[in-house]
Structure formats: C-alpha cells, structure tokens
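# Results of the structural survey
The residues making up each chain are set out below.
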Amino acid sequence: DLLVVGSANADLVIGVERRPAPGETVLGSDLAVHPGGKGANQSLAAARLGARTALLARVGDDDHGRLLLETQRAAGVDTDGVLVGGAPTGVALITVDLSGDNSIVVSPGANGRLTPEDVRAAAPLLAAARVISVQLEIPLDTVAETVRGRGPDTRLVLNPSPPAPLPAEVLAACDPLVVNEHEARYILGEDAGEGPHDWAPALLALGPRSVVITLGAAGALVADSRTGSLDHLISPKVEAVDTTGAGDAFTAALAWRLGRGDDLREAAAFAVRVGAAAVMAQGAQKSFPTLEEVDAL
Ligand code: ADP
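Residues numbered from 1 in each chain as written. Predicted model: local features only at pLDDT ≥ 70, side-chain atom pairs only at ≥ 80, totals over all residues.

### So, the packing of helix α1 (residues 38-49) against helix α2 (residues 63-74)
- Where α1 meets α2, the axes come as close as 9 Å, and the angle between the chain directions of the two elements is 20°. As summarised for this structure, α1 and α2 are arranged roughly parallel, according to the angle between their axes. Crossing angle aside, the handedness with which α1 passes α2 is left-handed. Contacts from Ala40, Ser43 and Leu44 in α1 reach Leu68, Thr71 and Gln72 in α2.
- Class assignment of the residues belonging to the contact of α1 with α2 gives a composition of three nonpolar, three polar and no charged. (Axes fitted to C-alpha atoms, helices over the stretch in contact; angles between N-to-C directions. Helix = DSSP H or I, 4+ residues; strand = E, 2+ residues; numbered from the N terminus. Parallel < 35°, antiparallel > 145°, perpendicular 65-115°, else oblique. Left-handed = near helix turned anticlockwise from the far one by under 90°. Contact = placed C-beta atoms within 7 Å. Nonpolar A, V, L, I, M, F, W, Y, C, P; charged D, E, K, R; others polar.)

### Describing the UniProt feature "binding site: K(+)" (unreviewed entry) in the protein chain
- UniProt records the feature "binding site: K(+)" (unreviewed entry) for Asp242, Thr244, Ala278, Ala281, Gly283 and Ser287 in the present numbering. Across 46 residues, the annotated set stays spatially compact, with a maximum C-alpha separation of 9.5 Å.
- Ignoring any residue separated from it by four or fewer positions in sequence, one finds Ala278 in contact with Gly245, Ala246, Ala249, Ser287, Phe288 and Pro289.
- By the element assignment, Ala281 lies in the loop between α10 (264-278) and α11 (291-295).
- Leaving out residues up to four positions away in the same chain, Ala281 has contacts with Val241, Asp242, Lys286 and Ser287. (UniProt positions renumbered as here; feature names shortened; annotations may be inferred.)

### Notes on α10
- End to end, α10 covers 21 Å across 15 residues, agreeing with the expected 21 Å (1.5 Å per residue, within 8%).
- Summarising burial for α10: 12 of the 15 residues are buried, a large majority.
- Along α10, the residues classified as buried are Leu264, Ala267, Ala268, Phe270, Ala271, Val272, Arg273, Val274, Gly275, Ala276, Ala277 and Ala278. (Expected span 1.5 Å × (residues − 1). Buried ≥ 20, exposed ≤ 12 C-beta atoms within 10 Å, placed from the backbone.)

### Remarks on the pairing of strand β2 (residues 9-15)
- When β2 meets strand β3 (residues 32-36), the two strands line up antiparallel, connected through five bridges. The residue of β3 that forms the bridge with Val13 is Ala32.
- Of the pairings in the sheet, the one linking β2 to strand β6 (residues 90-96) comprises seven bridges and is parallel in character. For Ile14, the partnering residue across the bridge sits in β6 and is Thr95. (Pairing = 2+ DSSP bridges.)

### Considering the pairing of strand β13 (residues 229-233)
- Pairing of strand β12 (residues 220-224) with β13 involves five bridges; the strand directions are antiparallel. Residue pairing for β13: Ala223 is matched across the bridge by Leu230.
- Following β12, the chain reverses through four residues before pairing antiparallel with β13; Gly228 in that reversal takes a positive phi of roughly 75°.

In structure tokens, the structure reads:
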C-alpha cells in the first residue's frame, strides 16, 4: 500500500562531556549504533503500525547495510527494492554532550547513489503503491523521477527534509507537503508571515494540493486546497522523552492512512497521536509505536 523512497543510515552515537576543539581529542562513551535515516525510519514506523510497506533505498555492501536490511525485514517491510552496493552505507556521526545537544556529521554514502535510473528500474513497485512517501536525503533528481514515475492514482507525500529548493513540478505533485516549522520558514523565506496560520496558505500558493505543518507538542495544522479548509489537530499531552524521529513517525502514519482512504483531516488526527507516542521513549526507530500503543493514548 505504502512505498517509501528515501534514505537509510547508520546512526553512530557517542556521548561526550564536551566537543573537541579543532586539533583536540576527547574521550567519549561506548559507541551505540542505531538504524536510521528518514526513509528507513518512515517505512519502519508504518510497518510497526501494521501497514503493508515497501522501501526503495540504497545501502552499502557492509555491516551497516546488513543491520538496516535486517531491522526492516524484522518489522515486516518489503525490502526487495533496497539496492546494495556502490558506496558505503550512509552514516550519521552523532556526538551528544552533557546538556543533550547534538553535533552531527552526515556522510550520505549509498543514499547519494540512489539514482533516477534506480527509480525507473523499480517501476512496478511505484505502480503498485497507493501512496509514495519521499524526503530529501536522496538526490533531488531521484525525488523528481519518483514524482514522474508514480501511477496516475498514486498519492505523493513529501517531507522536504533537509530543506532544499524544490522544482515546481515536485511541489505541484505533493498531496500533502509535510513540513515542520523550520522547513516551512526555509521554503517561504523572508516573507513567511507571522506564524503557521499564515504559512499554510502561503505554502499552498506554491502549488501543492494540500499542506500539513507539524507543530511539535502543539500538534499539526492541515490545509486542503480542494475544500479550502484549515484545521488544527491537537496532539495528546504526553511526557516527551526524546523527539527524534517524531516527524518521521507522523509522516509515515499520515501516508499510510491516506492510502487506506482516510481524508486528510482524519489521517492527520491519527498521525498526531502516532507522533506523540513516538516521543515517549528514547531513540528513533525503537520508539515507534504499534497500533495498540497508539490506541492506548
Ligand atoms: P519534527 O520531528 O519533524 O521536527 P515535530 O517536532 O513537529 O516534527 O513533531 C511531529 C509530530 O510529533 C507532532 O505533530 C506531534 O504529533 C508529535 N510531537 C512532537 N513533539 C511532541 C511533544 N512534545 N508532545 C506531543 N507530541 C509531540
């Protein structure tokens, strides 16, 4: 039902008292290795909810690639579309200091080698999907080819993260464009307006059929050009332990429910609960809830 086209990374995390200055060496904690990347996060989040999910991505022929493939398969994701080789698996080198602040260096690796040709070769996978979800941790050409290659009835959900200038063709295909506050400001630039209620119509004016702005603990704002509606979906109040991956869980849940026939408002009302459930535990993929855990909220 859902096809995620995107990145797969190994997150390598070391805790430090403070970050090294140039030329300096500091000692840190034991290394923790976690499967991540926005594409792999989304497909895993959807599968954990019970969605029939496939992932189109590229990993290296290495241990990190095998870790990613294994965790996706264990969650029930169809990994036939995961290509192997061409470069090392993408890596995020993350140091976390005592105050909890992150410094991150990303090596896109194999994610940067997921080509438009790879997307064309996966045409049957694209044609079979009710909804395709994409992000921007893969080349923009590959995103554009995904937009062009989707079936006539396939709905496209795009989370432009990390934010980059988007071609009009890609913007026009989004239904919805899913952004957080930072991404909304980036896309709108100087004349963003006061806040989310101004951003939503301004984003719609750029071409997408619909727009969803996630607002952290405040939930999400949903604007649909078909109905002219603007709705605020409130997030359940939860104790936030770690918000890493909340946006990915939200987008995966939204895309899955749209594919199941929910309207945008219904799908977003479900997605804010999934996002809230995902901040209640440490980690990204580890914190993604099952349907039972969402229902219990
Ligand atoms: P991102 O992770 O991309 O920055 P947000 O922070 O907007 O995205 O979070 C995405 C969704 O996760 C929100 O719409 C909300 O449903 C949920 N969420 C995030 N933070 C919290 C929180 N502190 N309390 C409850 N829900 C949250």
